[in-house]
Amino acid sequence: MSTKIVMDCDPGHDDAMAILLALASPELELVGVTTVAGNQTLDKTTRNALITLEIAGRSDVPVAAGADRPLRRELRTAAHVHGETGLDGPELPEPSAAPVDAHAADFLAELIEPGVVLVPTAPLTNVALMLERHPDVRGRLAHIVWMGGSIAEGNVTPAAEFNSFGDPEAAAAVFASGIPITMIGLDVTHKALFTRADADELRDSGRVGRFVAELSDFFQLFHERSYRFDGAPIHDAMAVAHVIDPTLVTTEHVNVAVETSSEYCDGRTVVDLRGVSGREPNADVGVDVDAPRFLDLLVSRLASLP
Ligand code: RIB
Ligand code: CA
């Protein structure tokens, strides 16, 4: 019996690979994709989600576009990481499918039935809007697995990770919602680097493999330059992998609070690993990962696509 998931994303190289991992995994059924502004503007992240599904031959999976900016702040994209298209590297076909005629916040509420896992891999604007517009969802959304946040260093600022910094108010609302949430943050995603050798293993495996290899060729450039990494963390794919196999990432049940009014730390996920704050635990936070097993899963599943 497979687990139904809905992804809310901002493709984005690693979002695209996460979508493909979900499609390649018999443990999961990807019942819908919603998009939000983040890595690039909403029009681009939506087009990129349609392109990714098309390349995998899965334009049957519905896509709904959502927020084109954060709840209360200006949009700050990441062209320096993902390029002007948001999926720089491969040649991008014109998608034949179009998004459904519904806002992501409403479409998410429609898709979320008991047992469906929500996997956001972007700023949480759509998820916060869904909870505002459809409070009844709380009664049937059993689990959120979010790629975002960090226990230690941020990436877009020294204090904050991009998806959390992208909409701190939205992240704060989701962590305060009482819905069980697993946070897959930079502390674990940076431990598993997708290398050129992994890309080369996929390059001739088919249309999807070539697409992923060319995405990786571009995505690695930022990480080599900025972190001197020999490879790139495929952040969002680790959130999907956690639904496939929860033994890959070790988590701790702790309190996570999100900073929303600081000069230097806006968007920081304040993770209370030792319980010193007295705040009730409200999340399962990734503290370690079996990197080789995760990467083997990712590469082998992507290689299985046409
Ligand atoms: O910080 C990494 C996260 O921000 C990933 O989800 C990446 O796609 C960007 O959205
Ligand atoms: Ca993302």
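Quantities reported herein were computed from a predicted structural model and do not represent experimental measurements.

(A) Representation of the coordination of the calcium ion (ligand 2) within the structure. Each protein donor to the calcium ion (ligand 2) is listed here as Asp10 (OD), Asp15 (OD), Asp15 (OD), Thr121 (O) and Asp236 (OD); together their distances run 2.2 to 2.6 Å. When the donors of the calcium ion (ligand 2) are listed by position in the chain, the intervening gaps give D-x4-D-x105-T-x114-D. The exposure class of Asp10 is buried, given its relative accessible area of 0%. Classification of Asp15 by relative accessible area gives buried; the value is 0%.

(B) Molecular detail of the sheet that holds strand β6 (residues 181-184). Spatial ordering of the open sheet is given by β3-β2-β1-β4-β5-β6-β11-β9-β10, a layout of 9 strands whose pairing is mixed. The open sheet has two edge strands with one neighbour each: β3 (63-65) and β10 (269-272). When the angles between neighbouring strand axes are averaged without regard to direction, this sheet yields 30 degrees. Examined bridge by bridge, strand β9 (residues 249-258) and strand β11 (residues 283-289) share 6 bridges and lie antiparallel to one another.

(C) Local environment of the site of ligand 1. In the vicinity of ligand 1, the residues found are Asp10, Asp14, Asp15, Asn39, Thr121, Met147, Asn155, Glu161, Phe162, Asn163, His235 and Asp236. In the model, an oxygen atom of ligand 1 is placed 3.0 Å from a nitrogen or oxygen of the Asn39 side chain. Between ligand 1 and Thr121, the relevant distance is 3.1 Å, taken from an oxygen atom to a main-chain nitrogen or oxygen of the residue. Look at ligand 1: alone it shows 280 Å² of surface, and the protein chains cover 96% of it. Looking at side-chain class alone, the shell around ligand 1 contains 2 nonpolar, 5 polar and 5 charged residues.

Each value, and the rule that gives it
Residues numbered from 1 in each chain as written. Chains lettered and ligands numbered in written order. Predicted model: local features only at pLDDT ≥ 70, side-chain atom pairs only at ≥ 80, totals over all residues. Heavy atoms only, no water. Donors = N, O, S within 2.8 Å, 3.2 Å for Na, K, Ca; no water. Buried < 20%, exposed > 50% of the residue type's maximum accessible area, 1.4 Å probe, protein only. Pairing = 2+ DSSP bridges. Helix = DSSP H or I, 4+ residues; strand = E, 2+ residues; numbered from the N terminus. Axes fitted to C-alpha atoms, helices over the stretch in contact; angles between N-to-C directions. Near = heavy atom within 4 Å. Polar contact = N/O pair within 3.5 Å; in protein donor to acceptor, adjacent residues only side chain to side chain. Areas by Shrake-Rupley, 256 points an atom, 1.4 Å probe, with all protein chains shown as cover. Nonpolar A, V, L, I, M, F, W, Y, C, P; charged D, E, K, R; others polar.

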